[in-house]
Structure formats: structure tokens, C-alpha cells
Amino acid sequence: MLNPGFVSRKALAEWHDVPALLPQFQFHEKHCAVIKTNSPDKILPLVIEFDIKQDAVIRLMMFVRQLPQNIGFRKKGQVVNRFGLHSFTLLEKSASELCYGLRGQFWRADFGLENVTDANAYLAAVSPGSAKLLLRYRVAELKEAQYELCTETFIYCPDKITQMKMAAYWLAIRAGSGWIRKRTLKAVQSKI
């Protein structure tokens, strides 16, 4: 069954494991990979170290996403910022979980990113017209020497207009976003 990643109020009310850093959200995406290892402590550092430039497919997809910004849909003199995990703010780090935050207008050619210096800045109320994104990586033991690495994306929009803009963008990028997440998981899996 196709899951478009839209979260209704009813679904959210019944949601298990709502992230404390973003308890309200309207969009969600999740991908997982099984990793066989006797060193689970090496999994999350590989996520941190992963550089999207290492993967030709991800590089191409990011190039296509940034094409409007590259061909001139930006203000004169504006620098093109390359988007990647470095664009996110690390909010939480433990032995089994990493949480990254991002705030902005992701549907804009330049992503409309806000400066988020730390978890407190991320947790502040988001203004109408902007959205909050939480990217969570988790490692869970399935059985001895077998672990599941999952990546989840949660997005919150504070008003209907922002939610409609995000929904249109979500429909346009969801397949590509999922492919990027799956390739990231595969890259981590292959380095263990």
C-alpha cells in the first residue's frame, strides 16, 4: 500500500513514539535497514560521517533539487548554499539516537532556511509561513548481532497555507527524499 506520508490529527492522536522535540506534525516518512554487526556503537557515527557527495545518485538528486537556485531564481549576489546534513542542527545525541532539526520554507528555491543555533532555537515557536523538520536516526537491537537502523522525517506547519505549500512540495520530493534516505542507510550498512 502506498503511504503518501500525510499525518491526520486522528493518526497523530494514536501515534506511538511521538518525538519529544516535535510532538505535533503533519508529514512523516520512515525507512529502515537491518545491519548485522557486533559493534552497534559504530552505526550512528557512520551516519554522522556520511557525506552525500560520496553517492553519485544522491549528488544528482540534490543537483536537480537545487537547479532553480543554480540557474538564477535567487537574489542578485546571493550565494548558493549546498544543502546536506551539515544544514541541520544536531539537537540530541545518545548511544541509540540522533536528532537533527531544520526550520524554514523548504519549498522555496533557496529552502528559506532559518538560523537554528541550538535545541532552544529549534524549539521556539515557528512563525506562520515557515515549517519545522525533525530528522531522527535510531538504532534498535533485533537480536544478537542484528540491529535495525531507522531514519524518520517529521514536519510541522503552524498554519493551513504553510501546510498546503508543504503538501505540494512533499508530493514533488517525497519519492526522491525516500530514495536518498534508503541510499544513506545502504551506505551505512555497507561500511559496517
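Below is a short write-up of the structure. (Residues numbered from 1 in each chain as written. Predicted model: local features only at pLDDT ≥ 70, side-chain atom pairs only at ≥ 80, totals over all residues. Heavy atoms only, no water.)

On to the nonpolar core, then. In terms of nonpolar packing, the biggest core is built from 28 residues, with Phe106, Tyr137, Leu149, Ile155 and Met166 touching the most fellow members. Going through the elements one at a time, strand 1 (27-36), helix 2 (43-49), strand 3 (97-104), strand 4 (131-143), strand 5 (146-156) and helix 6 (160-191) are the ones with two or more residues in this core. Examining the composition of this core, we find that six residues originate from one element, helix 6, more than from any other. If sequence neighbours within four positions are ignored, Tyr137 has contacts with Leu44, Val47, Ser96, Glu97, Leu98, Tyr100, Leu149, Cys150, Thr151 and Thr184. (Core = buried A, V, L, I, M, F, W, Y, C linked by side-chain atoms within 4.5 Å. Buried < 20%, exposed > 50% of the residue type's maximum accessible area, 1.4 Å probe, protein only. Helix = DSSP H or I, 4+ residues; strand = E, 2+ residues; numbered from the N terminus. Contact = heavy atoms within 4.5 Å.)

Before going further, it helps to examine the pattern of salt bridges. Tallied over the entire structure, the rule returns seven salt bridges. The shortest N-O distance in the salt bridge between Asp17 and Arg138 comes to 2.1 Å. Here Asp17 is found in the loop between helix 1 (9-13) and strand 1, whereas its partner Arg138 is found in strand 4, with 121 residues between them in sequence. Residue Asp17 is classed as partly exposed on the basis of its relative accessible area, which comes to 40%. Here Arg108 and Asp110 are joined by a salt bridge, their closest N and O atoms 2.8 Å apart. One network of salt bridges, with partners in common, ties together Asp17, Glu97, Arg136, Arg138 and Glu152. (Salt bridge = Lys/Arg side-chain N within 4 Å of Asp/Glu carboxyl O.)

Taken in spatial order, the five strands of this open sheet run 1-5-4-3-2, and their pairing is antiparallel. Looking along the sheet, the strands with just one partner apiece sit at the ends: strand 1 and strand 2 (89-93). Along the sheet, successive strands turn relative to each other by an average axial angle of 20°, direction set aside. When strand 1 meets strand 5, the two strands line up antiparallel, connected through 10 bridges. Note that in strand 5 the partner of Ile35 across the bridge is Tyr147. In this fold helix 6 packs onto strand 1, strand 4 and strand 5, with an angle of close to 5° to the strand it touches most, strand 1. (Pairing = 2+ DSSP bridges. Axes fitted to C-alpha atoms, helices over the stretch in contact; angles between N-to-C directions.)

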